[in-house]
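# Secondary and tertiary structure notes
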Amino acid sequence: MKTNLKQLTKEELLLFVENLGQKPYRSRQIINWIYKKHATSINEMCDLSRDFRDELNEIAFISNLNLLQRRVSKDGTRKFLFELEDGETIESVLIPNIRGRNKFTLCISSQVGCALGCRFCMTGLLGLKRNLRAHEIIDQIIIVNRLINLNSIIPAALANKGTNGNFEISNIVFMGMGEPLNNFNEVGRALRNITELMGFSRRKITVSTAGIIPGIRKLADTGPAANIAVSLNAANDETRNRIMPINKKYNLTKLIKACKEFPLPPNRRITFEYVLLGGINDSGKDALLLVELIRGIKSKINLIPYNPVHSSTGFKKPPESRVLEFQKVLRKAGLIVIIRKSKGADISAACGQLRAGYK
Ligand code: SAH
Ligand code: SF4
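Attention here is on the structure that accompanies the text. For clarity, every value in this text was computed on a predicted model and none was experimentally measured.

Scoring rules and cut-offs
Residues numbered from 1 in each chain as written. Chains lettered and ligands numbered in written order. Predicted model: local features only at pLDDT ≥ 70, side-chain atom pairs only at ≥ 80, totals over all residues. Heavy atoms only, no water. Helix = DSSP H or I, 4+ residues; strand = E, 2+ residues; numbered from the N terminus. Buried < 20%, exposed > 50% of the residue type's maximum accessible area, 1.4 Å probe, protein only. Contact = heavy atoms within 4.5 Å. Areas by Shrake-Rupley, 256 points an atom, 1.4 Å probe, with all protein chains shown as cover. Pairing = 2+ DSSP bridges. Right-handed = clockwise from strand over helix to strand, strands pointing away.

### Regarding the overall build of the chain
Each helix and strand counted, the chain has 12 helices and 14 strands in total. Taken across its 359 residues, the chain has 55% of its residues classed as buried. Residue pairs at least 24 apart in sequence account for 67% of intrachain contacts in the chain once pairs closer than 6 positions are excluded. Carbon together with sulfur atoms contributes 50% to the accessible area of the chain, which is approximately 16,400 Å² in total.

### A word on the pairing of strand 12 (residues 270-276)
Among the 7 residues of strand 12, 7 are classified as buried, and the element is accordingly described as predominantly covered. Burial along strand 12 is two-sided: the face carrying Ile 270, Phe 272, Tyr 274 and Leu 276 and the face carrying Thr 271, Glu 273 and Val 275 are both buried. Across 3 bridges, the pairing between strand 11 (residues 227-231) and strand 12 is parallel. Paired with Ala 229 across the strands is Thr 271, a residue of strand 12. Of the pairings in the sheet, the one linking strand 12 to strand 13 (residues 299-305) comprises 7 bridges and is parallel in character. Across the sheet, Tyr 274 pairs through a bridge with Leu 303, a residue of strand 13. Handedness of the β-α-β unit built from strand 12, helix 10 (residues 284-293) and strand 13 comes out right-handed.

Here it is, written out as structure tokens:
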């Protein structure tokens, strides 16, 4: 079977070229072609000799995702639907940063579907199809990077004068489809390549989890960790059990303990995500329970008003006044709170929606 060069880590690639009798700098050239110049084939690597390229083509290849659909929202959010080799589809969402309009945050997927079945989530309704391989995770970044610099997808209004078409993905968040800590090995391999080969600082990467406790511990143990976001979505077990079945396995007491034990580097905070579901978890009492629950944890809170994904979920978006009231209670207790406006609602940007709508 041919080796997919994007699946290899820095050390593995070095070993790979050395086993072919090549000098170590050949691996740096290949890395440069794949991760900086975004080459789509071995043939493009014109500073490798023709013979070496022929030899590589015999035993290796570079994978690529197939872009099926692209949508641009009025708020500048862009959504990409990619097809994988086996015909499955995944989504990535590109969100303009509030400051620095030529910079973007890319929200990537880690699985096709998700096994955790959170009741409000479109990806959860799909169930788990399969884990993504590291190269499929990395490819989302490489391809979107290539696309944003092919000016075609940047509306003229956004292409500030003076940026010279130089658009940049500054942050990566694992908040697309899937539960990254249920695909720990491949996500870990992707994280290594994103930092070591693409040059992203770990401070610029956030892994979001519904609370897979062994995964949180493992992430803490594997060195200078990426930022972590935990989807709490409820402040008591009864409500959380109703909306997130995973809570029956890892309840709030255990989850908060794991958060407290997470070794945070200086000046960093855990992000707690809280999807506000009208009439379910959005009362003043819920806000006070949340304050109590996370007391003593260096954190910030992202409040996300529910994005209606499917009528079958039966949930509704809370009125704006409720959202503001909820935020007020948290702020009064001294917490840092951001309301994450539902980005790209007009293009089905909530995770899992674009895939679900594609036939
Ligand atoms: N599995 C991980 C990461 C992907 S989900 C996790 O659950 O954290 C990313 C975020 O989207 C989670 O915080 C989740 O609670 C939120 N989310 C899912 N469906 C949503 C919806 N319909 N409206 C608003 N937020 C939603
Ligand atoms: Fe999976 Fe996250 Fe969706 Fe829950 S919210 S079903 S963990 S993707």
